[in-house]
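Here are the chains, one letter per residue:
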Amino acid sequence: MLGSITAICLTAIYVLLAQGSLSKVAPALVFLGFCALLATFLVSLVRARRPLLTIAANAMMVPGLFLLTAGILEMTGSFFAALLVILFSFLWADTRIQISQWRHQMTCRECQNECKMY
């Protein structure tokens with residue numbers, strides 16, 4: 001939820017104030033977006049996790065996807081390129097969900113108690 005609220009605020013600021021004026025920093029936006037996405041995936045794959053780190057990494061995913069979309073839109077000026085990033089965002093979100101399900105299955109396999117979920 002934190003990441004979604006942040007992304008909504010960033011989107012509003014971008015649409016109202018900054019649209020078309022970020023072409024010089026667009027590569028940095030794309031880089032930061034990929035870093036946020038990569039951090040989300042890496043933290044979700046790590047076995048020994050800290051709760052605050054997990055929350056922070058998960059909260060970075062949606063703003064990271066926004067940064068990728070805005071950066072590509074600014075770099076290319078193409079609505080269709082930005083739309084392609086949005087479509088990939090659905091795949092990346094699904095990948096994060098699949099990683100989470102995989103981690104839960106591994107945890108259940110190692111648990112000695114009977115599990116109703118898997």
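Calculation notes
Every chain is numbered on its own, with residues counted from 1 as its sequence reads. Local features in a predicted model are, by the rule used here, given only for residues with pLDDT of at least 70; side-chain atom pairs are given and counted only at 80 or more, and totals for whole chains, interfaces and linings are based on all residues. Only hydrogens and water are set aside when side-chain values are computed; all heavy atoms of the structure are taken into account. Every axis in this analysis is a line fitted to C-alpha atoms, fitted for helices over the stretch in contact. Angles between the N-to-C directions lie between 0 and 180 degrees. We count a stretch as a helix when DSSP gives it H or I for four or more residues in a row; a strand needs E for two or more, and each element gets its number in order from the N terminus. Any angle from 65 to 115 degrees is called roughly perpendicular, while one under 35 is roughly parallel, one over 145 is roughly antiparallel, and all others are oblique. Definitions for this section: a left-handed crossing has its near helix turned counterclockwise from the far helix by less than a right angle. A right-handed crossing has that turn clockwise. Contacts: residue pairs with any heavy atoms within 4.5 Å of one another. Expected helix span is computed as 1.5 Å times (number of residues minus one). A simple rule labels every residue: compare its accessible area, found with a 1.4 Å probe on the protein chains alone, to the largest value its type can have, and call it buried under 20%, exposed over 50%, or partly exposed in between. Known as pLDDT, the predictor's confidence for each residue is given on a scale from 0 to 100. Nonpolar cores are built from buried Ala, Val, Leu, Ile, Met, Phe, Trp, Tyr and Cys residues. Side-chain atoms within 4.5 Å join them into one set.

Visitor: Hey, could you run me through the packing of helix α2 (residues 26-45) against helix α4 (residues 79-110) in this one?
Guide: Relative placement of two packed helices is described by the angle separating their axes and the distance separating the axes. The contact between α2 and α4 brings their axes to 9 Å, and the two run at 15 degrees. Put simply, α2 runs roughly parallel to α4. Considering the relative orientation of α2 and α4, their crossing is left-handed. Only W92, T95, R96, I99, W102 and R103 of α4 make contact with α2, whose side of the interface consists of F34, L37, T40, F41, S44 and L45.

Visitor: I'm lost on α2 in this one. Help?
Guide: Helical geometry: 3.6 residues make up each α-helical turn, so side chains three or four residues apart lie on a common side. For α2, with 20 residues, the first-to-last C-alpha span of 29 Å sits near the 28 Å given by 1.5 Å per residue. Those residues of α2 that fall on the buried side of the exposure criterion are A26, L29, V30, G33, A36, L37, T40, F41, V43 and S44.

Visitor: Quick question: what am I supposed to make of the confidence of the model for the chain here?
Guide: Low pLDDT means the predicted atomic positions in that stretch should not be read closely. Of the residues in the chain, 95% reach a pLDDT of 70 or more, and the chain-wide mean stands at 87. For the chain, the element scoring lowest by mean pLDDT is helix α1 (residues 2-18), at 86; α2 scores highest, at 93.

Visitor: How do you make sense of the nonpolar core when you look at a structure like this?
Guide: It is characteristic of soluble globular proteins that their nonpolar side chains tend to be buried jointly. Counting nine residues, the largest nonpolar core consists of V30, L37, F41, M61, L65, L68, V85, W92 and I99. Of all the secondary-structure elements, those providing two or more residues to this core are α2, α3 (51-76) and α4. Those residues in contact with V30 that lie beyond four places of it in its chain are L67, L68, G71, I72 and M75. In this structure, A7, Y14, F66 and A70 belong to the second largest nonpolar core, which totals seven residues.

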